[in-house]
Amino acid sequence: MISRLPGFSLPERVLNTVRRWAVAWWRILYLGAVVLVLVLSPSSYGKGTRKALARHLYLDTAPVLLGFTVLAALISLVLTRIVVVTALSYGLSRYALEMVIRVLVLELIPLTAALFVAMRCTIPNGTQMSRLRQSGRFEQLRRHGSDPVRVELLPRVIAGVFASITLAALSCVVALVLAYLGVYGFNLAGLPSYTRMFGQVFSPSVTMVFALKTVFFSLAVALIPMAAGLHDTGERSQPDSELGGLARMFAVLLLIEVASLMGNYY
């Protein structure tokens, strides 16, 4: 990015780059605060907004729900088989199922669900938001006395959060069931030990970290592409370009994952 600022000295280029990134991050934080206020405001759920919200909830969740669940099931079966066979070869079979749950349910599925929703729903919605703004849709809504953020952006953000949490929750349940079947088969003999091990893994602190991580993942993939689309000028050198929004989203997801690992294992 610094090399795209010709005619400036190196300190000026660095300063301009830092300023642009600071502006982009501030816009994300500001948009998050605005969305939070709108979500808590009863006036945001008028007749028109409810219809738009219901439509986006369906379009962002229903078409991808079955496909992602099948994908999570396949990953669960393959990973469970690999871990169980490897653990048996080293005489560590008693730890195999716990390792599967920790790696698959606690770490992989929430991150994979957030990335899946981002690629399938929220990033295209951010691009659509940029096109609506550039086509004059926002000005048209303002002339009719409507808030474009409340009418166009809020339903997309809520739908992105809902889709990410729903996919993660459903896929975790499927993974837990398939992990049990992969180890014990179709019988209830291992249910007492499985539930005891499940309770040991999902302690109150781990459960809280898992829930917070899933929520923060969903907020990140829902808000950051919307902020990039809302302020996108069409130039890649601008702080709210599509590529810049993707970089910030992946950076936030990485930071959340690192923080969750520290919270669980340190």
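Preceding this section is the structure that the text describes.
Residues numbered from 1 in each chain as written. Predicted model: local features only at pLDDT ≥ 70, side-chain atom pairs only at ≥ 80, totals over all residues. Heavy atoms only, no water.

Engineer: Would you mind showing me how to read the overall build of the chain here?
Structural biologist: Looking only at helices and strands, the chain has 8 helices and 0 strands in total. Reading the chain from its N terminus to its C terminus gives the helix and strand order α-α-α-α-α-α-α-α. In terms of its C-alpha atoms, the chain occupies a principal-axis envelope of roughly 65 × 55 × 30 Å. Counting all 266 residues of the chain, 42% fall into the buried class. Within the chain, contacts between residues separated by at least 24 positions form 77% of all contacts whose residues are at least 6 apart in sequence. Accessible surface computed for the chain: about 14,400 Å², of which carbon and sulfur atoms make up 69%. Seen as two clouds, the 24 positive and the 12 negative side-chain charges of the chain have centres 5 Å apart. (Helix = DSSP H or I, 4+ residues; strand = E, 2+ residues; numbered from the N terminus. Buried < 20%, exposed > 50% of the residue type's maximum accessible area, 1.4 Å probe, protein only. Contact = heavy atoms within 4.5 Å. Areas by Shrake-Rupley, 256 points an atom, 1.4 Å probe, with all protein chains shown as cover. Lys, Arg positive; Asp, Glu negative; His and termini not counted. Charge placed at Lys NZ, Arg CZ, Asp CG, Glu CD.)

Engineer: Where do I start with the environment of V157 in this structure?
Structural biologist: Along the chain, the position of V157 falls in helix α5 (residues 148–184). Overall, V157 belongs to the buried group, its relative accessible area being 3%. As a C-alpha pair, V157 and P225 span 68 residues in sequence and 9.4 Å in three-dimensional space. Once residues within four sequence positions are removed from consideration, V157 is found in contact with V35, A222, L223 and M226.

Engineer: Looking at this structure, I do not really get helix α2 (residues 47–89). What am I missing?
Structural biologist: Each turn of an α-helix holds 3.6 residues, which means side chains three or four residues apart point in the same direction. Across its 43 residues, α2 extends 61 Å between first and last C-alpha, which sits within 8% of the 63 Å expected from 1.5 Å per residue. Largest kink in α2: about 45°, centred on L65. Note on α2: the residue one or two positions beyond its end, G91, has a positive phi of about 70°. (Expected span 1.5 Å × (residues − 1). Bend = angle between axes of the 7 residues up to and from the residue.)

Engineer: Sorry, what's going on with a nonpolar patch on the surface here?
Structural biologist: Together, I165, M208, L212, V215, F216 and L219 make up an exposed nonpolar region whose accessible area comes to about 490 Å². No other element matches the 5 residues that helix α7 (residues 204–230) contributes to the nonpolar patch. (Patch = residues over 30% accessible without salt bridge, like charges linked within 9 Å, V, L, I, M, F, W, Y side chains within 5 Å. Salt bridge = Lys/Arg side-chain N within 4 Å of Asp/Glu carboxyl O.)

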